[in-house]
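So you can see what is in the structure, the chains are spelled out below.
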Amino acid sequence: MGWYVGRRLLQAIPVFLGATFLLYLMVFLMPGDPVAGLCGDRGCAPAVASALRSQYHLDQPFLVQYLLYVKGLLTGDFGTAYSGRAISEVIATAYPVTVKLALLALAIEAVFGIVAGLIAGLRRGGVFDGTVLVVSLLVIAVPTFVMGFVAQFVIGVKLAWLPTTVGGNQTFTALLMPAFVLAGVSLAYVLRLTRTAVAENASADYVRTATAKGLTRRRVVVVHILRNSLIPVITFIGADLGVLMGGAIVTEGIFAVPGVGNTLYQAILKGEGPTVVSLVTILVIVFIITNLLVDVLYALLDPRIRYV
Amino acid sequence: MMTTHPAPVPADPSAEAPLLRIRDLHVTFTSRTSQVHAVRGADLTIYPGQTVAIVGESGSGKSTTAHAIIDLLPGGGKVTGGSIEFDGEDLTKAPPRRFVRLRGSQIGLVPQDPMSNLNPVYRIGSQVREALRANGIDVSRSSYRALVAELGEDAVADTPDARLYLGSAERRALLACLAGRGIETAAVADKLVVGFTTRVEVAILLRGMGLDDAEALAERFVTGTGARDRVAGLLAEAGLPDAERRARQFPHEFSGGMRQRTLIAIALAARPTLLIADEPTSALDVTVQRQILDHLGVLTRELGTAVLFITHDLGLAAERAEHLVVMYQGKVVESGPSLDILANPAHPYTRRLVASAPSLAYQRIQVAKTTGEDAAEAPASTDGERSAERPGVLQVSELTKVFEIRGSRPGRATQFTAVDDVSFTLRRGTTLALVGESGSGKSTVANMVLGLVKPTAGRIVFDDVDTSGLSRRELFAFRRRVQPVFQDPYGSLDPMYSIYRIIEEPLRTHRVGTKAEREARVRELLDKVALPASTMRRYPNELSGGQLQRVAVARALALNPEVVVCDEAVSALDVLVQAQVLDLLAQLQSELTLSYLFITHDLAVVRQIADEVAVMQTGRIVEHATTNAVFDTPQTDYTRQLLDAIPGGKLNLGH
C-alpha cells in the first residue's frame with residue numbers, strides 16, 4: 001500500500017505540470033490586454049503600461065512567463081494579481097467559503113441520498129421507490145441555475161425561511177440553501193447508485209445466509225446489505241468533493257457566495273492569468289488528493305482490493 | 001472416521017415424535033406476469049437425529065421446500081397450502097419474529113455455493129461470532145448434547161463447569177505447566193483445541209497420561225473461553241486447520257472447501273436440532289466433497305442433529321442419508337429407505353434417475369453397437385484396443401506453463417508452474433480425458449491446446465505441424481479445426497446474440513458459404529444436436545442449461561473441426577441432462593470421427609465417455625492409461641483417492 005501511494009504521488013507531478021501548462025497557455029491565448037483595463041476608461045500612459053508589463057513579465061515570451069510562474073509556485077509564491085493584491089491572499093479569502101459550502105453539500109448528498117436510496121432499494125417497485133425515481137430524474141434534468149433561482153425565489157423571497165444570498169454572512173443557515181442546490185444533481189446520483197446496489201445486495205446469497213444465522217432484519221440490513229452497498233457509493237461521494245468545489249461557479253453566482261467560483265469568474269473576465277491559474281491549480285491538487293484518498297478508502301472498504 | 005454406509009435407522013421411529021413433518025406443502029411464486037407452482041403437495045417427515053435426503057433435478061422444488069421451512073423463500077414465493085410442523089409447532093402460521101428466533105438456534109442452514117455465501121467484506125471470525133451473538137449463546141460453555149451421553153456414568157460431566165471450554169491463554173499456561181514437569185507436550189498439544197476441548201475432556205486426557213492431579217489441573221487451567229476462542233473452536237470443529245489464525249482472514253483468502261467448512265461452523269454454532277444442507281458440496285471437487293461430507297456426518301451424529309440433505313446426486317444421497325425423498329416437478333414421487341429405492345425404484349422418474357446417475361454408471365457409452373453402423377470398422381471392443389490402433393491427431397510433448405505472480409512491489413514477483421512437463425497423444429476418433437481437481441492445471445492445458453494461452457515450453461503438434469510456429473493466418477485456419485465447448489453455457493454464449501447468430505458466427509468469421517448455405521448449415525447442426533429448427537430465433541436466456549450446452553456443441557461443430565476440447569462441458573448440468581449431452585457427444589463422435597480432449601474433475605463422467613484417462617495433480621500427469629485400467633487397477637494413491645471419492649461408488653446395486 002505504501003508503495004502504491006508513493007507511486008500515485010509521483011504520477012501527480014506530470015499531471016500537475018501538464019495542468020498548469022495548459023491553463024497558462026489558455027489564459028495567455030485569451031483575447032484582450034490585461035493591462036488595458038487597469039487604468040480605468042482613459043487607458044494607461046504608455047510609460048505606465050510598459051512598466052506594468054515588465055513588472056508582470058508580460059513582455060516576455062510565453063515559455064519564460066510560464067517557467068517564472070512555476071518557479072514562483074515552487075518557492076511558495078503565487079505571485080501578485082494585477083490589482084496589486086497577493087494571489088495567496090485571494091486564495092485565502094475565497095477557499096474557506098467554498099470548502100465550507102462543498103462539505104455541507106457533500107454531507108447533504110450523502111445523508112439524504114443514502115437514506116432515500118436504501119429505502120427505495122429495499123422496497124423496490126413500491127410507491128416511495130417510484131416517487132424518488134421520478135423526483136431524482138427531474139433534479140438531474142433541470143439545470144442548476146433554474147433550481148437555484150426557483151429555490152431562491154420560493155424559499156428565500158416568498159416564504160422567507162432562509163436568507164436569499166450569502167455575501168459576507170457566511171453562516172450555516174445562509175449556506176444551507178446554496179448547499180442543497182449545489183448537492184442536488186449529485187444527490188440524485190447517490191440515491192440511484194445506492195438504490196441499485198441495495199437492491200442487488202438484498203438478494204445476494206450471503207444476505208440469505210446472514211438471515212439464516214438468526215440475525216434480526218435490522219441487523220441484516222445495516223450490517224450486511226448497507227455496508228456492502230456503500231462501497232461504490234462512498235467512492236462516488238469521495239470523487240465528488242472536487243467536482244462540488246470546482247462546479248460551484250453557477251451556484252456561487254446565484255447566491256452571491258464570495259468563494260472560488262465567483263473569484264474565478266471575475267478573474268477570467270479581467271484576464272488575470274496568474275490568478276486564474278493559481279485558483280485552478282489548487283482545484284487540480286484537490287482533485288488529485290481526493291482521488292487518491294478515494295482509492296485508498298476503497299481498499300479499506302473492500303478487503304478484496306489489493307494495490308500493488 | 002465415518003463409514004460409507006448409512007447409519008442404522010432408529011429401531012422404531014414412530015415411537016418418537018417427529019422433529020419435522022411437512023404435509024401437502026404448496027409453494028407458489030407470483031410475479032407480475034405469471035404464477036409458478038414450484039411445490040405442489042410435498043410430504044416429508046424427519047425424526048430427531050435422522051438424516052433425510054431430498055433428491056431431484058433443478059426446478060424440482062427441492063430447494064424451495066427447504067427454504068419454505070425457515071421462511072427464506074426468495075421474493076414472490078409464498079406457502080399457499082399445507083403445513084410445516086416443527087417440534088409440534090405449525091410454522092406456516094408463525095409470524096416473522098418467530099422465525100428470527102428459530103433460525104440458527106433451532107434450524108441451521110448450510111447453503112449451496114460457498115463462494116457467494118460469505119460476506120466478502122467481513123473477516124471469517126466475525127461472521128462466525130455473529131451467529132453466536134445473534135442466538136445468545138454462552139460462549140464459555142459447551143452445549144454439546146452428546147457430551148454427557150458419550151462420557152456415560154462419569155458424573156463429573158454433568159456439572160455445568162465440566163463443560164467449560166479451554167481458552168487460548170489457558171492452553172499456553174497449561175502446556176507450560178506440563179513442560180515444567182518435564183512432560184513431552186507435543187502429542188497432547190494437538191488434542192487441546194482452543195474453544196473446543198472442555199474441562200472434563202482435559203481431565204480425561206491428563207488422566208490418560210498418568211497424572212494424579214488431572215482433575216485439579218483441569219479445574220485450574222480450564223475456566224471458560226471468550227467469544228474469539230470459541231469461534232476458533234467452532235472452526236476447528238468444522239475441520240478448518242489452524243483455525244485461530246484463519247479466523248482473522250477474509251473469505252477471498254479461503255478456498256471453496258475452507259469456505260464451506262466455515263459455513264458449516266456457522267450453521268452449527270448455536271447447536272440447532274435440524275440442519276438443512278442445501279447441495280452443500282456441489283460446487284466442490286470430489287475429494288474435498290468427500291472430506292467435508294464425512295466430517296459433517298460425524299459432527300451431526302455426535303451432536304444429535306437431524307439433517308435435511310438436498311442434492312441432485314442420487315448416489316450421494318443414498319450414501320449419506322437413511323431415507324430418500326425423490327421430488328419431480330414439485331411433487332414427491334417416491335420416498336423410503338435409501339437402499340430400497342436404489343434397488344427397486346418404483347416411479348418411472350426414479351428409474352431414469354437411477355439409470356443415468358453417473359456415479360453408478362459402469363461402462364463407456366457404446367454407440368456403434370446401438371446404431372448398428374460401422375460395426376465392423378469401429379468394433380465395440382475394449383477401449384484400449386480401440387484407441388491404440390488409431391493414428392494420433394494431436395501430440396503434446398513436455399508442455400510447461402509458468403505464470404508470473406505480481407508481488408507486493410516490483411521485483412518481488414514469484415513464479416507459479418501451472419503445467420509441468422505434460423505429454424500425451426490424442427488419437428483420431430477417440431476421447432482422452434484429462435482428470436484432476438481444481439488447480440491441477442488441466443484447464444491451462446486446454447487453453448494451450450486451443451491456442452488461447454502461449455506455452456512456456458514444450459510442443460503441441462496438431463496433424464504433424466507444430467502449432468507454436470504458426471503465422472496469424474495459419475493460426476486462424478488451425479482454430480477452425482480445433483473447437484472448444486466450455487463449462488458454463490450461460491457465461492460462454494453471448495446473451496445478446498440469437499441462437500442462429502451464435503451458431504452462424506464461426507461460419508461467417510471463416511467466410512464459409514453464402515447466406516442461404518449458412519442458414520441451411522445452422523438448421524442441419526441444430527438437427528444434429530436434437531434441437532428443433534425453431535430454436536434459432538430464440539435467445540440464450542430462453543433456453544435451459546442442457547439446451548444451451550447443445551447449442552454450444554452445435555457452435556463448436558459448425559466448422560467441421562477434427563478435435564473438440566470439452567472443458568468441464570457437462571459439469572454444470574443435472575444428471576439426466578448430463579447423460580443426454582454425453583450420449584450426444586458419443587454419437588457425434590462415431591458419426592463424424594471427432595476426437596475429444598475431455599477436461600473434467602468428475603471421474604464418474606470419465607467412465608462413460610473416455611477411452612484413455614490422464615490424471616493430473618499439481619500440473620503433472622501422474623497416471624495415464626486406458627479407462628478400464630485406471631478404474632480397475634489404479635496405479636497411484638492419488639487416483640485411488642479420486643476413485644474413492646466418487647459418491648455412491650461403493651454402493652452395490654448388482655450391475
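Residues numbered from 1 in each chain as written. Chains lettered and ligands numbered in written order. Predicted model: local features only at pLDDT ≥ 70, side-chain atom pairs only at ≥ 80, totals over all residues. Heavy atoms only, no water.

### Observations regarding the sheet that holds strand E18 (residues 595-600) of chain B
Residue and element names in this part refer to chain B.
Right, on to step 1. What the 6 strands build is an open sheet, ordered E16-E17-E18-E13-E19-E20; its pairing is mixed. One side of each edge strand has no neighbouring strand; the edge strands of this open sheet are strand E16 (482-485) and strand E20 (620-626). Across this sheet, the average inter-strand angle for adjacent strands is 15 degrees, counted without regard to direction.
Right, on to step 2. Alignment of strand E13 (residues 431-435) against E18, held across 5 bridges, turns out to be parallel. Within the sheet, the bridge partner assigned to Leu434 lies in E18 and is Ile599.
Right, on to step 3. Here helix H18 (residues 442-449) sits on the sheet in contact with E13, E16, strand E17 (563-567), E18 and strand E19 (612-617), set at roughly 150 degrees to E18.
Right, on to step 4. Along the sheet, helix H23 (residues 545-557) contacts E16 and E17; its crossing angle with E16, the most-contacted strand, is approximately 170 degrees. (Pairing = 2+ DSSP bridges. Helix = DSSP H or I, 4+ residues; strand = E, 2+ residues; numbered from the N terminus. Axes fitted to C-alpha atoms, helices over the stretch in contact; angles between N-to-C directions. Contact = heavy atoms within 4.5 Å.)

### A few points about the packing of helix H4 (residues 87-122) of chain A against helix H9 (residues 217-246) of chain A
Residues and elements named next belong to chain A.
Right, on to step 1. Put simply, H4 and H9 touch, their axes get as near as 9 Å, and they point 150 degrees apart. Both H4 and H9 take part in a crossing whose hand is right-handed. Residue-level inspection shows Tyr95, Thr98, Val99, Ala102, Leu103, Ala105, Leu106, Glu109, Ala110, Ile114, Leu118 and Leu122 of H4 in contact with H9, the latter providing Arg217, Val221, Ile225, Leu226, Leu230, Val233, Phe236, Ile237, Asp240, Leu241, Leu244 and Met245.
Right, on to step 2. Split by residue class, the contact of H4 with H9 holds 20 nonpolar, 1 polar and 3 charged. (Left-handed = near helix turned anticlockwise from the far one by under 90°. Nonpolar A, V, L, I, M, F, W, Y, C, P; charged D, E, K, R; others polar.)

### Notes on the interface of chain A and chain B
Right, on to step 1. Contacts between chain A and chain B engage 21 residues on the former and 30 residues on the latter.
Right, on to step 2. Between chain A and chain B lies a buried interface of about 2400 Å² when both sides are counted; carbon and sulfur atoms form 58% of it.
Right, on to step 3. In terms of surface lost to chain B, no three residues of chain A exceed Arg208(A), Lys213(A) and Pro303(A), which account for 26% of the buried area on that side.
Right, on to step 4. Linking chain A with chain B are 2 salt bridges.
Right, on to step 5. Where the side of chain A that touches chain B is concerned, the elements lending two or more residues are helix H8 (205-212) and H9 of chain A.
Right, on to step 6. For the side of chain A that touches chain B, the residue count by class is 9 nonpolar, 6 polar and 6 charged. (Buried area = accessible area lost by both parts, 1.4 Å probe. Salt bridge = Lys/Arg side-chain N within 4 Å of Asp/Glu carboxyl O.)

### Here's the deal with the pattern of salt bridges
Close approach of charged atoms allows side chains with opposite charge to pair.
Residue and element names in this part refer to chain B.
Right, on to step 1. Considering all chains together, one arrives at 34 salt bridges over all chains under this definition.
Right, on to step 2. Residue Arg428 pairs with Glu562 through a salt bridge whose shortest N-O separation is 3.4 Å. With Arg428 in the loop between strand E12 (414-427) and E13 and Glu562 in the loop between H23 and E17, the pair connects residues that are 134 residues apart, well separated along the chain.
Right, on to step 3. What makes Arg428 partly exposed here is its relative accessible area of 26%.
Right, on to step 4. Put simply, Arg481 and Glu562 hold a salt bridge, and the shortest N to O gap is 2.7 Å. With Arg481 in helix H19 (residues 472-481) and Glu562 in the loop between H23 and E17, the pair connects residues that are 81 residues apart, well separated along the chain.
Right, on to step 5. A residue is classified by how much of its surface remains accessible, and Arg481, at 28% relative accessible area, is partly exposed.
Right, on to step 6. Through salt bridges with shared partners, one network takes in Arg290, Asp294, Glu319 and Arg320. (Buried < 20%, exposed > 50% of the residue type's maximum accessible area, 1.4 Å probe, protein only.)

### Describing the pairing of strand E4 (residues 77-86) of chain B
Residues and elements named next belong to chain B.
Right, on to step 1. The pairing of strand E1 (residues 20-30) with E4 spans 8 bridges and is antiparallel. If you follow His26 over to E4, its bridge partner there is Gly81.
Right, on to step 2. Two elements, E4 and strand E5 (residues 89-90), share 2 bridges in a ladder whose sense is antiparallel. Bridging from a neighbouring strand, Phe86 pairs with Glu89 of E5.
Right, on to step 3. In this structure, the hairpin formed by E4 and E5 is closed by a connection of 2 residues, where Asp87 is found at a positive phi of approximately 55 degrees.

### A word on the environment of Thr300(B)
All names here are of chain B.
Right, on to step 1. As for its position among the elements, Thr300 is in helix H12 (residues 286-303).
Right, on to step 2. Thr300 sits in the buried class, given a relative accessible area of 6%.
Right, on to step 3. Residues Thr300 and Leu274 lie 26 residues apart in sequence; the distance between their C-alpha atoms is 9.3 Å.
Right, on to step 4. Leave out the neighbours within four places in its chain, and Thr300 touches Leu275, Thr305 and Val307.

### Some remarks on the packing of aromatic side chains
Right, on to step 1. All told, the structure shown has 10 aromatic pairs over all chains when counted by the stated rule.
Right, on to step 2. Taking the centre distance of 5.2 Å and the plane angle of 90 degrees together, the rings of Phe21(A) and Tyr66(A) count as edge-to-face. With Phe21(A) in helix H1 (residues 2-29) and Tyr66(A) in helix H3 (residues 62-74), the pair connects residues that are 45 residues apart, well separated along the chain.
Right, on to step 3. Accessibility expressed as a relative area gives 31% for Phe21(A), which makes it partly exposed.
Right, on to step 4. Summarising the aromatic geometry, the rings of Phe112(A) and Phe180(A) are spaced 5.6 Å apart at their centres and angled 65 degrees between planes, so their arrangement reads as edge-to-face. You can see Phe112(A) sitting in helix H4 and its partner Phe180(A) sitting in helix H7 (residues 172-202), a full 68 residues away along the chain.
Right, on to step 5. With relative accessibility at 45%, the residue Phe112(A) sits in the partly exposed group.
Right, on to step 6. What links up through ring pairs into an aromatic cluster is the set Phe21(A), Tyr24(A), Phe62(A), Tyr66(A) and Tyr69(A).
Right, on to step 7. The ring centre of Phe254(B) lies 5.8 Å from the NZ or CZ of Arg246(B), which sits over that ring.
Right, on to step 8. Cation over ring: Arg501(B) sits above Tyr497(B), and NZ or CZ is 3.8 Å from the ring centre. (Phe/Tyr/Trp six-rings, centres within 6.5 Å; stacked < 30°, edge-to-face > 60°. Lys NZ or Arg CZ within 6 Å of the ring centre and 35° of its normal.)

### Looking at the sheet that holds strand E9 (residues 323-328) of chain B
In a beta sheet, neighbouring strands pair by backbone hydrogen bonds and run either parallel or antiparallel.
All names here are of chain B.
Right, on to step 1. Read across the sheet, 6 strands follow the order E6-E7-E8-E3-E9-E10 without closing on themselves; strand pairing throughout is mixed. Only two strands of the sheet have a single partner each, and these edge strands are strand E6 (107-110) and strand E10 (331-337). Across the sheet, the axes of successive neighbouring strands diverge by a mean angle of 15 degrees, strand direction being ignored.
Right, on to step 2. Sheet topology places strand E3 (residues 51-55) next to strand E8 (residues 306-311); 5 bridges connect them, and they run parallel. From the neighbouring strand, Val52 faces E8, where its bridge partner is Leu308.

### Section: the side chain of Glu319(B)
Right, on to step 1. Structurally, Glu319(B) can be placed in helix H13 (residues 314-320).
Right, on to step 2. Among the polar contacts made by the side chain of Glu319(B), one reaches the side chain of Arg320(B) at a distance of 3.3 Å. (Polar contact = N/O pair within 3.5 Å; in protein donor to acceptor, adjacent residues only side chain to side chain.)

### So, helix H21 (residues 499-509) of chain B
All names here are of chain B.
Right, on to step 1. Within the sequence span of H21, burial applies to Ile499, Tyr500, Ile502, Ile503, Glu504, Pro506 and Leu507.
Right, on to step 2. Of the surrounding secondary structure, the elements contacted by the buried residues of H21 are helix H22 (515-528) and H23.
Right, on to step 3. Of the residues trailing H21, Arg511 is marked for its positive phi of about 50 degrees.

### Points about the confidence of the model for chain A
Reading fine detail from the predicted coordinates is not recommended where pLDDT is low.
Right, on to step 1. Per-residue pLDDT for chain A averages 85, and the proportion of residues at 70 or more is 95%.
Right, on to step 2. Taken element by element, the predicted model of chain A shows its lowest mean pLDDT in helix H2 (residues 46-55) of chain A (77) and its highest in H8(A) (93). (pLDDT = per-residue confidence, 0-100.)

### A few points about the environment of Val581(B)
Right, on to step 1. Mapped onto the fold, Val581(B) is located in helix H24 (residues 575-592).
Right, on to step 2. Sequence spacing of Val581(B) and Val529(B) is 52 residues, and the spatial spacing of their C-alpha atoms is 8.8 Å.

### Side note on the nonpolar core
Right, on to step 1. In this structure, Tyr95(A), Ile114(A), Ile237(A) and Phe255(A) are the most contacted members of the largest nonpolar core, which totals 68 residues.
Right, on to step 2. Top element by residues in this core is H4(A). It accounts for 14 residues. (Core = buried A, V, L, I, M, F, W, Y, C linked by side-chain atoms within 4.5 Å.)

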